[in-house]
Amino acid sequence: MMTPERLDSLIARFGECRIVVVGDFFLDKYLDTEPSQVEHSVESGQAAHQVTGIRTSAGVAGTVVNNLAGLGAGELLAIGAVGADGEAWDLRRCLESIGCRADHLHAFANLMTPTYLKPRDRTDPSLAGEHERYDTKNRGVMPQEVSRAVIASLESVLAEGGVDAVIVADQVEEEDRGVVTGAVREALSRLAGEYPGVIFWVDSRIRIGRFRGLTIKPNQFEALGREFPRPGERVEVDEVVEALGGLREQAGAAVVVTLGERGMLVSDPKPQHVPGVELSGELDTTGAGDSATAGCVLGLAGGGTLVEAALVGNLVASITVQQLAETGTASPQQLRDRLRVWVSQRS
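A brief look at the structure comes next.

Rules used in this analysis
Residues numbered from 1 in each chain as written. Predicted model: local features only at pLDDT ≥ 70, side-chain atom pairs only at ≥ 80, totals over all residues. Heavy atoms only, no water. Salt bridge = Lys/Arg side-chain N within 4 Å of Asp/Glu carboxyl O. Buried < 20%, exposed > 50% of the residue type's maximum accessible area, 1.4 Å probe, protein only. Helix = DSSP H or I, 4+ residues; strand = E, 2+ residues; numbered from the N terminus. Pairing = 2+ DSSP bridges. Axes fitted to C-alpha atoms, helices over the stretch in contact; angles between N-to-C directions. Contact = heavy atoms within 4.5 Å. Polar contact = N/O pair within 3.5 Å; in protein donor to acceptor, adjacent residues only side chain to side chain.

Here the focus is the pattern of salt bridges. Taken as a whole, this structure holds 25 salt bridges when the rule is applied. With a closest N to O distance of 2.7 Å, Asp135 and Arg133 form a salt bridge. You can call Asp135 partly exposed: its relative accessible area is 31%. Asp170 is the partner of Arg207 in a salt bridge, and the nearest nitrogen-oxygen pair spans 3.1 Å. Highlighted residues: Arg207 in the loop between strand S11 (199–204) and strand S12 (215–216) and Asp170 in strand S10 (residues 165–170), separated in sequence by 37 residues. By relative accessible area, which is 3% here, Arg207 ends up buried. One network of salt bridges, with partners in common, ties together Arg18, Glu75, Arg101, Asp103 and Glu160.

With that out of the way, let us pick up the sheet that holds strand S2 (residues 25–33). Taken together, the four strands give an open sheet; going across it, the order is S5-S2-S8-S9, and neighbouring strands pair in mixed fashion. One side of each edge strand has no neighbouring strand; the edge strands of this open sheet are strand S5 (51–60) and strand S9 (134–136). Taking the axes of each pair of neighbouring strands and ignoring which way they run, one obtains an average angle of 20 degrees across the sheet. Bridge count for S2 against strand S8 (residues 115–121) is seven bridges, and the pairing is parallel. By the bridge assignment for S8, Lys29 is matched with Leu117. Helix H2 (residues 61–70) rests against S2 and S5 of the sheet, and its axis sits at about 90 degrees to S5.

Going residue by residue along strand S13 (residues 255–258), you find Val255 and Val257 tucked away on one face and Val256 and Thr258 tucked away on the opposite face as well. Where S13 meets strand S14 (residues 264–267), four bridges bridge the pair, whose relative direction is antiparallel. When the sheet's bridge partners are listed, Thr258 is paired in S14 with Met264. Connecting the antiparallel pair S13 and S14 is a turn made up of five residues, with Gly260 showing a positive phi of about 65 degrees.

Another point: unusual backbone geometry. In the segment running from Asp268 into Pro269, the intervening peptide bond is cis, with an omega of -5 degrees. Tracing the sequence through the fold places Pro269 in the loop between S14 and strand S15 (271–274). The phi dihedral of Val60 falls on the positive side, at around 55 degrees, and the residue is not glycine. When you line up the elements, Val60 lands in strand S5. The class for Val60 is buried, based on a relative accessible area of 12%. Positive phi, normally seen in glycine, also occurs at Asp176, with a value near 55 degrees. Along the chain, Asp176 turns up in the loop between S10 and helix H5 (182–194). You can call Asp176 partly exposed: its relative accessible area is 25%.

Residue position: Thr56 is located in strand S5. In sequence terms Thr56 and Leu117 are 61 residues apart; their C-alpha atoms lie 9.4 Å from each other. Here the side chain of Thr56 touches Arg93 through a polar contact of 3.1 Å, side chain to side chain.

Structure (structure tokens):
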């Protein structure tokens, strides 16, 4: 049972942490539309939704950065690849506005900056207010020059010293279409061996089983190799526990499995269940895994055990999922308040 004093001691160290985030940085671009002003195209008859506001933020790996910044991390650095386009300018501006260095976000003319275009009804803050989304992603195999640039940045930043953690966000499902290619994955395993004092943490949507020597954070389905779960489906805790031993041996490092509202299972090497916060009302789980990663890694970098770090991750995620129609973040004070709720639920 974590005490408020212990949480305060971890939070006090957040501002001293230097965290590198490498992987797939997307631009989240929200178009706020006003339904009362909808027009119709003379030529096609299609509805022409009128945009009254535009909001942008860094998404995917950028969501991890947003959460690290919200929690008060000391120094943040992004490593990845974007296009030579306006979306890249917006993405860099979003990162730099929250204090994240973006000079290792390499621009390539033959790439597009991955973008999630999200039109929504500005009068309806619920999930029902979202329109269909339009995604821009790179559909071809990532050029080798991109992998070389990313690896060179990793080597350079780690050689500078002072890095507490490297977070890997491998979120593009298609093979070698994202930043974390096979070559980058091999380099990460090598660098994790060369820098044993640095936390290497991986979140990978499809390829979590291919990382070696890095702490991996699959969700309950990824832990069992289920790529496309049905809505509302869940895996029994006992079933995940059975899979943990093999995952731990395969990775050669600690394993943290997220279980949604049930919290997390951690293994280093003994499996332990860290309960989540019980919530009610409408929830938006978009980016919940990324916010959990930010909390866990800062908890570890701040001197916590793996179990303590998992609890911090649970607290952060329980805060962000209650922020509807946006990719939320959590503050240190919200963490303190949420710990009191978690403790009361355990009493």
